[in-house]
Amino acid sequence: MAYQQKLAEKLLVLNDRGQGVLIRMNHIKKTYADPNRRPSFLTEKSMESAVKYINRKFPNIDFRGGSQQLSLIQKQKSAVLEVLSSFYESFVDVMEFRDHVYELLNTIDACQCYFNIVVNFDFTKNYLDLITTYASVILMLSRIDDKKAIVGMYNCAHEFSNGCSDPSYPRLGQMIVEYEHPLKKLTEEFGPHTKAVTEALLSLQRVYPRRNLPAEQWRSAQLLSLLGTPTNLLSPASCDTMACEYLPMEVMERWIILGFLLCYNSLNTNTASQELWKMALRSGLYITLTRDEVLNIHKLSEEHFDGMKGYNKRIADIKECKEHTIINCGGVHREKRLFLRNALKELTKVLEDEPALLGPKALFVFMALSFSRDEVLWLVRHSENIPKTKTPEDYSDSHMAELLFYMERLRALLNRYNYILQRYHLQYLSQFDALILNDTIQSIYVCPEEESVLMTSFVSALSALTLKQLDSGEEFDLRALRLDWLRLQAYTSVGKATLALKDFPDLAKIMNMTQFHTKMMDSMEELLQETAELSILCFYPRVFEKMFSQSSEDSSMQRYLMAFPMVCARFSQSTHHMCPEEMVLMEKQSLKLCVKFLEEIAEHTCSVVLEISAEQSNLHEQLLPKHCAETISAARNKKMKKPVPKKGEVPKEKPGTESHRKDRAVVTNMDKMHLTLTELCTSYSMCSDFTVFKHIIVPSEFLISQLEHRLSKIFVRMANYNPNTQDILRPSELLSGIHAYITSLNTLSRYINVDIPRLLRSVLLQQTQPLDSQGVQTITTLYTNWYLECLLRQASSSLIAHCPTMHCFINQNVENEQNFKAEEFSDICELRALAELIGPYGLKFLGENLMWHITSQVGELKKLVFENMDVLVQMKANFDKPEMMSSLQKRLTGCESVLKRMTIIGVILSFRTMTLEALEEVMQKHCPFLMGPIESLRNFMATDSDIKVAISVYELASAAGLHCNIDPALVTAIANLRTDNSSTEEEYKISCLLLVYIAVSLPTLAVDPATFYSREHGGHQNNVHCLATAINHLSAAMFTVQNKNIEQHLREFLQVASSTLLQLGQNVDKVEVKNRDSVYLLLDMIVEESPFLSQDVLESCFPYVLLRNAYREVHRTFIHTMG
């Protein structure tokens, strides 16, 4: 009879089915409790009357009589059927599950099965699991408030669509009504099963009390310690109840609490039942139904026994147990967690040092994981529902990170050394288990055929295992053997079995041990899921986040923080195929938690790293040359024997004094930060990456991202740019500070395997763009704005002069002093530092902004040319006729404006030339191998080459900082300046007349006293020497755009300019010719700077003797100082 009933198979299938149904019930409850996920038609006010009508009349709903209230359902029947069908089918699944459970429990009772957790472990466990799963499903069903509305509304829609009710509706409606008071109905159902359930529960007496010991007894017994008994270090860990050793406490407590609630008769008649029940009641306040749904066991038990005759004493027992739990339980579990942290740490260290011990001591690992999981789950359940107690701190744990860390380490060890475990247990199975099992079978005197076949197959399967299979990489699958063992338990546990397993405890002991060994071969993940699964944390995000927060505040726990995101990687293992909707929600929640933890760890690590870097930058800043003046002054005073400072003045400490240690016990702030950094970086070494629901998570990338984001802000902040006062840090000082940061950041790679060069490249490359990845202004934008708005604007007003001799800009001696020294921001060193900071991209952006200012000036120059076009045309034709030129000169207007705008253009182009020279030096330093080919390519370009090709090459050369005869950026800017209305001939005419305009305006410079040429500075005080740069660059760009001969037009310009300046020499008015010699020098400067003109061209139209005399005159007025 037992062979035909297939009890083992039915128990397995129904338990899996029951878990799926239970999870679906929980999902339905959560869906309807969440306003965002609740079906929209149930939240409509117009549907309220229909819902109230269905709830009132359920299950006997009158479709005709209630047509007015149900009219809306009739209108939306298709939508109602579509949305509610999955929920309705889930309730039908509950009904079918109940039917199958009824049938199986009745069959088991009819077979008079024997249950003992020590003997037929799998059979008893599956039986008790089925009872608690079934009870949990019914209790979860009763917690769904909208179940009547869902079922009734679906049936109404079905009736309106098909003309008849759903076939399952009558029984389903009746079931829902019957279970409105679930516990009462369940106790009635389980009355006939009391004997079997009580027998199974009482068998826990050999397991549960021993597992429920306080930490003091664990400690005295040296539980989980491999070093406690060194002589037994290599002995295999085994016992008579191997599977019971890692059976979760929560599972046993759920069996006991729910089992005795359903079959409560033995609590009054059996002392052993009472003791077991009270022990479970003292273990905590809550047990889990599923996910985050819990039962308040004392409240539920008290309500259940309230009103029952003869159970007043049990109510008193419940109250006494509750009081005991509130007073003692928190402290007991706190001590257990403390013990387990140390025990797991020792176990992990020993196994990491000697992984071969995993073979004989595998049971210890699973016991440690199971015990730890029990304590984590207990704390999670009770942290969400803390009772009123004097010690609420017992329900929080700031050291949870350490426990989770060592649980993850043990899991990692099992996975890493899986080969060792398989090799050890393969030999154990084939060379020990198979032999002793064979001897035990031989000693059985009566053995039916079916049982004999099963046991013989056990021996054959185990004996066939060889190391060759393992070495060849063959996958082992011993699930069939374990299923046959469950079948054998079922066959030998029925009342009239020929071979009763309870009469052969040695067989049970050997097979239970063998089953554990087989799981080491092929079911490691399944066993880890049973003993170390922590998916409940996904459903308690607030508790989980609180645990993380408390651990992160404890400095000793920072090295274990990575355990929190890694736990999130295990949540996917607890999903069920019967509820795919929940999987999507769990994936979102898991990723949300994981990312939050990693971001907080990264943010904390980033803060420490940047604090250390900032301190190093401050120390480095003390070594800058600007701080040495005091030291030099003090040394000079000492040498000259000047009076020493008064006693009240504290001498300034020299850089480096912070490194002097008088006492190694004194811990500085830097010491603390380095220690914190070490702790945090240790957590990153836990793993390089892990997977959360098919998403690959790389923890170090979160740190890189945080560093990248914050470094960008820090570098910008270090520039100290103030748009109101126009203050900014010198480029060399900023570069020095950034170098200090880079040096400090590079040390991070000693702690953690991160690509710091990639990080720095990313950050610094972003700083070469106008905006970074966050859309924030960069160093490039700040310095571009500053140089344009401060330096060049004041240079345009002649408050700052361009100094060719010193290759920089300098402040003029004016009444209104500038708030900065121009030479400190524009000398060779500063511009090199600027080129280092913002690179070719940044200087390209700076150049584009410079070109915008130039084109705006060119536009104004064109307007002036238009206004004076007739005069300029005549002057161009008659430049060699002094009398006519004199009369035309009087008609010409805006000469000062032309020269002023050309000077501004010249100042801007001079600055651009200086930046390109600095960039060239930087590029030659960093990548000379690249500069060589670019320079050769530029030199290779002939003057008669295709202009488009030439400009492309010049763009490449200019981007590398090389000087080009034609500025490609200026060519592009001039080309874009051309309007659609103007023709090429007009543009050409304007360009030619502009040169004439400039040439005939040059004599007006002699009147300006600021035109004086300074030998010391190599230029004029009002920056008119920059006209040479402006004329050469602008003419080259304009005639390149118009595809005309540059040299020819520059020759014409020299002729006109020479003619007008020679006329200036004939003027006898001393006021008008005061700075005539300084103006003459402009012609020489134009020729010197031009790649298209030579001195012989100048001599052909302007006597060299005049230039020589001009140089002698300007040098004669220069004051020589001797010192």
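Structure first, text after, so check above.
About the cut-offs
- Residues numbered from 1 in each chain as written.
- Predicted model: local features only at pLDDT ≥ 70, side-chain atom pairs only at ≥ 80, totals over all residues.
- Heavy atoms only, no water.
- Helix = DSSP H or I, 4+ residues; strand = E, 2+ residues; numbered from the N terminus.
- Polar contact = N/O pair within 3.5 Å; in protein donor to acceptor, adjacent residues only side chain to side chain.
- Contact = heavy atoms within 4.5 Å.
- Disulfide = S-S within 2.5 Å.
- Buried < 20%, exposed > 50% of the residue type's maximum accessible area, 1.4 Å probe, protein only.
- Pairing = 2+ DSSP bridges.
- Core = buried A, V, L, I, M, F, W, Y, C linked by side-chain atoms within 4.5 Å.

Draft legend 1. Local environment of the side chain of Arg373. Counting through the fold element by element, Arg373 comes out in helix α20 (residues 362-383). Polar contacts involving the side chain of Arg373 include one to the main-chain carbonyl oxygen of Glu533, which spans 2.6 Å. The residues contacting Arg373, other than those within four sequence positions of it, are Pro248, Met407, Glu530, Thr531, Ala532, Glu533 and Leu534.

Draft legend 2. Spatial organisation of the state of the cysteines. Using the criterion set out here, one finds 0 disulfides in the structure. A disulfide-free cysteine, Cys113 has its sulfur positioned 5.0 Å from the sulfur of Cys111, the nearest such atom.

Draft legend 3. Molecular detail of the pairing of strand β1 (residues 286-290). Extensive coverage of β1 is indicated by the burial of 5 of its 5 residues. In this structure, β1 lies alongside strand β2 (residues 293-296), joined through 4 bridges in antiparallel fashion. Note on β2: the bridge partner recorded for Thr288 is Val294. Where β1 folds back on β2, the antiparallel hairpin that results is connected by 2 residues, among which Arg291 adopts a positive phi of roughly 50 degrees.

Draft legend 4. Focus on the nonpolar core. The biggest cluster of nonpolar side chains holds 354 residues, and the ones touching the most others in it are Tyr127, Met153, Phe366, Phe571, Leu748, Phe809 and Met902. If sequence neighbours within four positions are ignored, Met153 has contacts with Phe41, Leu42, Met47, Val51, Ile54, Ile73, Val80, Leu84 and Lys148. Formed by 29 residues, the second largest nonpolar core is a distinct cluster that contains Leu429, Leu454, Met455 and Ile510.

Draft legend 5. Up close: the environment of Gln5. As for its position among the elements, Gln5 is in helix α1 (residues 2-5). The spatial distance from the C-alpha of Gln5 to the C-alpha of Cys111 is 9.4 Å, given a sequence separation of 106 residues. Residues contacting Gln5, with those up to four places away along its chain left out, are Lys10, Thr107 and Cys111.

Draft legend 6. Spotlight on unusual backbone geometry. Cis peptide bonds are those with omega within 30 degrees of zero, and the linkage from Phe58 to Pro59 qualifies with 0 degrees. Its place among the elements puts Pro59 in the loop between α4 (48-57) and α5 (71-75). Here Ser798, not a glycine, exhibits a phi torsion of approximately 65 degrees, which is positive. Locating Ser798 in the fold gives a position in the loop between α36 (779-796) and β5 (800-803).

Draft legend 7. Up close: the environment of Gln857. For Gln857, the location among the structural elements is in helix α38 (residues 828-867). By relative accessible area, which is 14% here, Gln857 ends up buried. Put simply, Gln857 and Leu467 are 390 residues apart on the chain and 88 Å apart in space, counted from C-alpha to C-alpha. For Gln857, the residues in contact, after removing those within four places along its chain, are Arg901, Ile904 and Ile905. Reaching out from Gln857, the side chain makes a polar contact with the side chain of Arg901 at a distance of 2.9 Å.

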